[in-house]
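So you can see what is in the structure, the chains are spelled out below.
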Amino acid sequence: MKIRINQMEEWAALVRHSETMRSVHMRDLFGKDPQRAGRFSQEACGLFLDYSKNRITEETFALLLELGAAVNLTEQIQAMFSGERINVTENRPVLHVALRNRSNRPVVVDGEDVMPAVNAVLERMRAFAAAVRDGSWRGFTGKRIRNVVNIGIGGSDLGPYMACEALKAYSSRELLVRFVSNVDATHFYEQTRDLDPAETLFIVASKTFTTQETMTNAQTARSWLLDALKDEAAVASHFAAVSTNAEAVQAFGINHENMFEFWDWVGGRYSMCSAIGLPIMISIGPDNFDSMLDGFHAMDLHFLESPLQNNMPVILALLGVWYNNFMGAETHAILPYDQYLHRFAAHLQQVDMESNGKSTGRDGGRTAWQTGTVIWGEPGTNGQHAFFQLMHQGTRLIPADFIGFSRSLNALGDHHDKLMANFFAQTEALAFGKLREEVEAEGTAAELVAHKTFAGNRPTNTIMAEELTPYVLGALMALYEHKIFVQGAVWNVYSFDQWGVQLGKVLAGRILNEFAAGEEKDIAVAHDPSTAQLINRYRQQRRK
Ligand code: G6Q
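Residues numbered from 1 in each chain as written. Predicted model: local features only at pLDDT ≥ 70, side-chain atom pairs only at ≥ 80, totals over all residues. Heavy atoms only, no water.

J.: Mind showing me how you'd approach the overall build of the protein chain here?
T.: When helices and strands are tallied, the protein chain shows 24 helices and 13 strands. Since a compact globule built from 544 residues should have a radius of gyration of about 24 Å, the 25 Å found for the protein chain is in line with a globular shape. Projected onto the principal axes, the alpha-carbon positions of the protein chain cover approximately 75 × 60 × 60 Å. Relative to its full complement of 544 residues, the protein chain shows a buried share of 55%. Residue pairs at least 24 apart in sequence account for 74% of intrachain contacts in the protein chain once pairs closer than 6 positions are excluded. Of the roughly 23200 Å² that the protein chain leaves accessible, carbon and sulfur atoms contribute 51%. (Helix = DSSP H or I, 4+ residues; strand = E, 2+ residues; numbered from the N terminus. Rg over C-alpha atoms; globule rule 2.2 N^0.38 Å. Buried < 20%, exposed > 50% of the residue type's maximum accessible area, 1.4 Å probe, protein only. Contact = heavy atoms within 4.5 Å. Areas by Shrake-Rupley, 256 points an atom, 1.4 Å probe, with all protein chains shown as cover.)

Next comes the structure, spelled out in structure tokens:
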């Protein structure tokens, strides 16, 4: 699409408006308008979003919606759901929504409805997960499987790892589910050192089945197993694969019956509802997995069907655009007040930054505007004792999403009330700060008053749900997936490719060959002086 968004009238209007908004304080916005909280709130799919603590007025919101309309947001959303090849640089449709299409409405790719294949794989996953969980799937020596180790990286690791942690309260405590991703042998070693190979099932998860890290870890796992069980035939009972590449899976020696397929129209970072979710299903069981898919699907429908002004992913996305492009923010914090969500920000970081970390627009030209936001975060209250200082009193503007639940899954004493008291206190303090007069009234020494004053006016969204259930996790994840889609649509970048990741895969392979074969003088020619110096130093030291 040939658009330069910064040349649009809607963009210019936002630039002008942002100039007037820079000096506006949320304290005044709330002071003037008691209805503000109610008006800037939205409920959908078990989630309640309060976005009133943002540096916006009705006018800001209207202008943002106009920008959304100007980039044909509604049409772009429909294009994704209808299977158009919107991943242009890879010439693929983008259909993670089909993976959780609980309505079974046909989704047609190249003249064929993909839903029967999606459902068939889900059925096979259910049978496999049930067999592992009830013990009917046995290891080679006849022992029951007690440990499931997922070997994958990036999109084949972060989503399922996040979800297994998030839904641990729903998991079978008989089964230990672990994740090995890093090619650093320490990861494999530490995740398997206390496991009995005869009780361990590996799931090798790789869309391409060629990723260096995953293939290395899978080979190591194979040797680890065979060292103990001493029979090649054991591989069949201890390995399953999730991939789009049946040939490579077979070449590795994994039986076709133990392979779970997905498709090139599922992006790695959007794949947790595909067979990549197999460790989640084994951990929490097929029924809970289904509820997670229900939550995803509910949010998919909300996104597809709601008008832009009531559309939760659209609202979050446009607020992000507001801060990123008009108010000078560079990062966005994700702060779940729930320990089970301790990998949530890490997963979102990938989904968001790999999707919208692009500087080439869809027209092939360089974007003249900021695109992907830096996403980061940790659970509260831990973050409060770490980086919140900068959020409260630093020089940078850091918008944040606070995510919390009305009921804890582990109701112990008054822990949850204390957790949530912090949750509410933080967004209140960030928005309203602490005035100089208030600090003085506390009898603060004159030279400390400035240090103890908080300017406030720091924006936050609050997302609340009753309880962290599989359904709610699904809705929450889909909310962010679609938020990212909307931002990519506004910034006019292709959100579903990742050429930067591909580059890394190629470069490391070249250097690896040089460790063994390269002559010092060749390395000097092949690399810049800094890299050559470092590689040669490494080669010398590892020989010692
Ligand atoms: C995700 C990215 C990337 C990918 C990994 C693993 O969207 O493409 O993170 O998931 O590089 O790739 P494989 O699944 O092919 O091993």
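Still more to cover.
J.: Where do I start with the packing of helix H1 (residues 9-21) against helix H4 (residues 58-70) in this structure?
T.: Working note: a packed helix pair is described by the angle between its axes plus the distance between those axes. As a packed pair, H1 and H4 sit with axes 9 Å apart at the nearest point and diverge in direction by 160 degrees. In this view, H1 runs roughly antiparallel relative to H4, as classed from their interaxial angle. Seen from above, H1 lies across H4 with left-handed handedness. The residues of H4 that touch H1, namely those facing Glu10, Trp11, Ala13, Leu14, His17 and Met21, are Glu59, Thr60, Leu63, Leu64, Glu66, Leu67 and Ala70. Of the residues in the contact of H1 with H4, the class split is eight nonpolar, two polar and three charged. (Axes fitted to C-alpha atoms, helices over the stretch in contact; angles between N-to-C directions. Parallel < 35°, antiparallel > 145°, perpendicular 65-115°, else oblique. Left-handed = near helix turned anticlockwise from the far one by under 90°. Nonpolar A, V, L, I, M, F, W, Y, C, P; charged D, E, K, R; others polar.)

J.: What should I look at first to understand the sheet that holds strand S7 (residues 200-205) in this one?
T.: Backbone hydrogen bonds hold the strands of a sheet together, and the pairing may be parallel or antiparallel. What the five strands build is an open sheet, ordered S6-S5-S7-S8-S9; its pairing is parallel. Across the chains shown, the open sheet's two edge strands, defined by having one partner strand only, are strand S6 (176-180) and strand S9 (259-261). Geometrically, the sheet is characterised by an average inter-axis angle of 20 degrees between neighbouring strands, direction not taken into account. In terms of strand pairing, strand S8 (residues 239-243) meets S9 through three bridges, oriented parallel. Looking at the pairing, valine 242 lines up with phenylalanine 260 of S9. Sheet strands touched by helix H10 (residues 212-229): strand S5 (147-151), S6, S7 and S8. Its angle to S7, the strand with the most contacts, is close to 160 degrees. (Pairing = 2+ DSSP bridges.)

J.: I tried to follow the site of the ligand on my own but got confused; where do I start?
T.: Looking at the ligand, there are 15 residues lining it, with Ser156, Ser206, Thr208, Thr211 and Gln350 nearest. Here an oxygen atom of the ligand sits 2.9 Å away from a polar atom, N or O, in the main chain of glycine 155. Coverage of the ligand by the protein amounts to 93% of the 410 Å² it exposes when considered alone. Breaking the shell around the ligand down by element, the ones donating at least two residues are helix H16 (344-356) and helix H22 (499-517). In the shell around the ligand, the residues fall into two nonpolar, nine polar and four charged. (Near = heavy atom within 4 Å. Polar contact = N/O pair within 3.5 Å; in protein donor to acceptor, adjacent residues only side chain to side chain.)

J.: Looking at this structure, I do not really get the side chain of aspartate 50. What am I missing?
T.: Considering the arrangement of structural elements, one finds aspartate 50 in strand S2 (residues 47-50). We note that aspartate 50 is buried and unpaired, the nearest opposite charge coming from lysine 53 at a distance of 4.9 Å. Engagement of the side chain of aspartate 50 in a polar contact is seen with the side chain of serine 52, the distance being 2.6 Å. Filtering out sequence-adjacent residues up to four positions away, aspartate 50 remains in contact with Ala37, Phe40, Ser41, Thr460, Asn461 and Thr462. (Lys, Arg positive; Asp, Glu negative; His and termini not counted. Salt bridge = Lys/Arg side-chain N within 4 Å of Asp/Glu carboxyl O.)

J.: I tried to follow the packing of helix H5 (residues 73-81) against helix H14 (residues 286-305) on my own but got confused; where do I start?
T.: Between H5 and H14, the least distance of the axes is 9 Å, while the angle of their chain directions is 140 degrees. By the angle class used here, H5 and H14 are oblique. Mapping the contact onto sequence places Ile77, Gln78, Met80 and Phe81 in H5 and Asp300, Phe303 and Leu304 in H14.

J.: Help me understand the pattern of salt bridges, please; the structure alone is not making it clear to me.
T.: Taken as a whole and assessed by the stated rule, the structure comprises 25 salt bridges. The shortest N-O distance in the salt bridge between glutamate 58 and arginine 39 comes to 2.1 Å. Taken as a pair, glutamate 58 in helix H4 and arginine 39 in helix H3 (residues 36-39) lie far apart in primary sequence, 19 residues in all. Among the salt bridges present, the one from lysine 418 reaches aspartate 414, with a minimum N-O distance of 3.1 Å. One network of salt bridges, with partners in common, ties together Arg102, Glu123, Arg126, Asp290 and Asp294.

J.: Hey, could you run me through the pairing of strand S10 (residues 331-336) in this one?
T.: Sheet faces and side chains relate simply in a regular strand, where the side chains alternate between the two faces. Within S10, five of the six residues are buried, leaving the element largely enclosed by the surrounding structure. Two strands pair when backbone bridges link them, and S10 and strand S11 (residues 374-376) are joined in this way by three bridges, in the parallel orientation. By the bridge assignment for S11, alanine 333 is matched with tryptophan 376. In terms of handedness, the path from S10 via H16 over to S11 forms a crossover that is right-handed. Bridge analysis of S10 against strand S12 (residues 400-405) gives four bridges, and the strand direction is parallel. Paired with isoleucine 334 across the two strands is aspartate 401, which belongs to S12. (Right-handed = clockwise from strand over helix to strand, strands pointing away.)

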